[in-house]
Amino acid sequence: MLETSVKSALVVGTPQDPGAHVLFHLVDQHAEHCDFAAQLGPSDSSRQVIAFATQELFLTCVKTCLKRAVQIHVLVRGPSDVRSQEEFASQLHVLAELAATSDMDLVFWGLTQSDLSDQLPMHVLPLTQTPTPHLELAQIEATGDITIDATRRFSTTHFNWRRFIGRLHLQTAPGASVDLQSCATALNRSIPFQTNAANRNIVMVVSNGVGLGHLTRLSKIAAELAARHDYTITFWCYSRAAVLLSEFGYETHIRQTAEHLKCDFDPWHEWESAEFSAFLKAKDIHAIVVDGSTLLAPIKTAQLLPENGHRRLIWVRRGMWKSDADTSPLQDSHFADLIAEPADLAQASDPGTIANFQADYPGLANLQKSPPIVSIEPDQVYSRWQARRKLGHISRKPLCLVNLGGDTLASQGYIATLIEAASKQNRVRFIAAKSPFAFSTTAETINSKSIYPIAKYLAAFDGVICAAGYNSFHETLTLCDAPVLFVPAQNARLDDQAARAYFAAHQDLVDVFDLEHRQQSVAAFDGFLDAVKRKKRRNRHPSENGASVMAQIIVDTING
């Protein structure tokens, strides 16, 4: 039996070939993969088997195989659109000659019983005895695309065949080739991948640069997965804030994008894809969790390889995209098994950019939502005097936080002028929070500190001036009872911070500073500053923290 005899195998086959995925599925725990025979290197004494997904790939490198004292497995494939009946007969003849005259240890396999030939000593791949027709029906079209229903389909170049095993029952369209019919039958009869119960390994991919939003949200979900579900979390991090993850105790792999390295994209993409795929195998990763508006190219490429078809991909993606946002990244939904969306307290003002988007190839991913995710729990917030001592503010003078995200105060234009003028009056002390990894500094007239996580210190402040990004918006409304002035970021490409800020303003929860309405904004600033001086308090906006719900959604997807 192939799956029990192979201890160290190399599977040779192109990533888009369904037969290669079937073959790899049988030897996954032992095998390595290469795209084509030309990639075969020098003989490796530890390699016991080389398995070819087609006879063409084997015949391409017969000379190389003759020099290897290894067992050669060949999956003999029937006629197809590119392999005529005549070519197939000729290949069978050559294979029979090699079996009879060469010293190679050759084993020939067919996908189904009907693929066996009396010209060769062949075996049927050891799959399950019967297919499972109760699964949802999907059709492989003449184009190669797979259609489940009118709204769900896959492109031939954008799916991993192994993802269908145990999830879809495949049938071929009329006129399909013998080979494609055999591949569909074999996939239907393959045993779904069974993960070792001891495998509790998840990798979380952080895609952003200076900002801390994605990293903060993922670290909170990671804490829930580790504490409540006993998963081991590793981070694959493209952010300069990776050191924070290490301080939290997570194993963290710091990565660089092509932009970071100032190198050409193509060689970086090839290298990073190979590195990520090798990491997935070395760590026996069960699931990949990505938080971001896009899926990075190396993650997508690695997900298409046969060796990664059993690994679940969860895409955590917040809503509230601007109405004119570029929605092309949403086309990548078919790479994911789950789109997990943390809800937004301002969702009533969501323009619906994501909700109204229809992907060309939606795939198998379903959408599930959790309550809003906040980085910490209320009982983890420092008391007022604890926080003030840690910030070095022990006086009773009103204290105001300025937290404008990755931007510095000096880059904020008119509001920076107002804050600096108010600071010089010496009636309110301002502390400008900045990213520990931002290169530039704030204006010298304002004291600046690297504070992380900011939410733990909110009780120290008598007022908060902040951007209306997802994390700062929800942390401020749910954990802080001081007056709030939201300053929607002007340079946010996707996030509709203005819609979020004005939603809260219409609920009489905050004030808004909007440069497009300067006179109104100056009045809002003055009113806010007066409330800070009077140390006025407001009601918090209580909300369930969705991190535990999100963790459970991820676990259900992994185990589903």
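Parameters at a glance
Residues numbered from 1 in each chain as written. Predicted model: local features only at pLDDT ≥ 70, side-chain atom pairs only at ≥ 80, totals over all residues. Heavy atoms only, no water. Core = buried A, V, L, I, M, F, W, Y, C linked by side-chain atoms within 4.5 Å. Buried < 20%, exposed > 50% of the residue type's maximum accessible area, 1.4 Å probe, protein only. Helix = DSSP H or I, 4+ residues; strand = E, 2+ residues; numbered from the N terminus. Contact = heavy atoms within 4.5 Å. Phe/Tyr/Trp six-rings, centres within 6.5 Å; stacked < 30°, edge-to-face > 60°. Lys NZ or Arg CZ within 6 Å of the ring centre and 35° of its normal. Axes fitted to C-alpha atoms, helices over the stretch in contact; angles between N-to-C directions. Parallel < 35°, antiparallel > 145°, perpendicular 65-115°, else oblique. Arc of directions from axis to C-beta. Polar contact = N/O pair within 3.5 Å; in protein donor to acceptor, adjacent residues only side chain to side chain. Left-handed = near helix turned anticlockwise from the far one by under 90°. Nonpolar A, V, L, I, M, F, W, Y, C, P; charged D, E, K, R; others polar. Expected span 1.5 Å × (residues − 1).

Draft legend 1. Focus on the nonpolar core. Membership of the largest hydrophobic core comes to 38 residues, with the highest contact counts inside it found for Leu-391, Leu-458, Phe-461, Val-464, Leu-477, Phe-486 and Val-510. For this core, the secondary structure elements donating two or more residues are helix H12 (384-391), strand E18 (399-403), strand E19 (429-434), strand E21 (463-466), helix H14 (470-479), strand E22 (484-486) and helix H15 (497-506). When residues of this core are assigned to their parent elements, the largest contribution, five residues, is made by H15. With residues up to four places along the chain from it excluded, the contact list for Phe-461 reads Arg-384, Leu-391, Leu-399, Cys-400, Leu-401, Ile-431, Ala-482 and Arg-537.

Draft legend 2. Spatial organisation of the packing of aromatic side chains. Counted by the stated rule, this structure contains 15 aromatic pairs. Each ring, one from Phe-248 and one from Tyr-452, has its centre 6.3 Å from the other, and the planes form 25°; the classification is stacked. With Phe-248 in the loop between helix H8 (242-247) and strand E13 (251-254) and Tyr-452 in the loop between strand E20 (447-450) and E21, this residue pair connects regions lying 204 residues apart in the sequence. Here Phe-248 falls in the partly exposed class, since its relative accessible area comes to 41%. These aromatic residues form a ring-pair network of at least three members: Phe-154, Phe-159, Trp-161 and Phe-164. Arg-500 extends its terminal NZ or CZ atom over the ring of Phe-473, reaching a point 5.8 Å from the ring centre. The side chain of Arg-518 reaches across the aromatic face of Tyr-414, ending 4.0 Å from its centre.

Draft legend 3. Focus on the packing of helix H7 (residues 213-229) against H14. Interhelical geometry of H7 versus H14 gives an angle of 60° and a closest axis separation of 9 Å. Classified by the interaxial angle, the pair formed by H7 and H14 is oblique. Facing Gly-213, Thr-216 and Arg-217 of H7, the residues of H14 in contact are Tyr-470, Asn-471 and Glu-475.

Draft legend 4. Representation of helix H13 (residues 414-424) in the model. Within H13, the full set of buried residues consists of Ile-415, Ala-416, Leu-418, Ile-419, Ala-422 and Ser-423. Buried residues in H13, looked at end-on, bunch into an arc of 160°, giving them a common side. Packing partners of the buried residues in H13 comprise E18, E19, E21, E22 and helix H16 (518-533). The positive-phi residue at the C-terminal boundary of H13 is Asn-426, with phi of around 60°.

Draft legend 5. Molecular detail of the side chain of Asn-545. Checked against the element boundaries, Asn-545 lands in the loop between H16 and helix H17 (547-559). Take Asn-545: its relative accessible area is 12%, and that puts it in the buried class. A distance of 2.9 Å separates a polar atom in the side chain of Asn-545 from the backbone oxygen of Val-374. Sequence-distant contacts of Asn-545, defined by excluding residues within four places in its chain, comprise Lys-220, Pro-372, Ile-373, Val-374, Ile-376 and Glu-377.

Draft legend 6. Quick peek at the packing of H13 against H16. Packing of H13 against H16 brings their axes to within 12 Å, and their N-to-C directions diverge by 30°. When the interaxial angle is binned, H13 and H16 end up roughly parallel. For H13 against H16, the interelement crossing comes out right-handed. Every residue of H16 that contacts H13 at Tyr-414, Leu-418, Ile-419 and Ala-422 is listed here: Arg-518, Val-522, Phe-525 and Leu-529. Its residues assigned to classes, the contact of H13 with H16 shows seven nonpolar, no polar and one charged.

Draft legend 7. Geometry of the environment of Gly-469. Its place among the elements puts Gly-469 in the loop between E21 and H14. Among the residues examined, Gly-469 registers a relative accessible area of 13% and is labelled buried. Measuring from C-alpha to C-alpha, the distance between Gly-469 and Arg-500 comes to 8.2 Å, with 31 residues separating the pair along the chain. The residues touching Gly-469, leaving out its near neighbours within four places in the chain, are Asp-495, Gln-497 and Arg-500.

Draft legend 8. Molecular detail of helix H5 (residues 85-101). Taking 1.5 Å per residue, 17 residues should reach 24 Å; H5 reaches 25 Å between its end C-alpha atoms and fits that length. Three or more residues of H5 are buried, namely Phe-88, Gln-91, Leu-92, Leu-95 and Leu-98. Axial view of H5: buried residues confined to an arc of 125°, hence all on one face. Facing away from the buried side of H5, by more than 90 degrees, are the exposed residues Glu-86, Ala-100 and Thr-101. Buried positions along H5 lie against helix H3 (55-60), helix H4 (62-66) and strand E5 (105-110).

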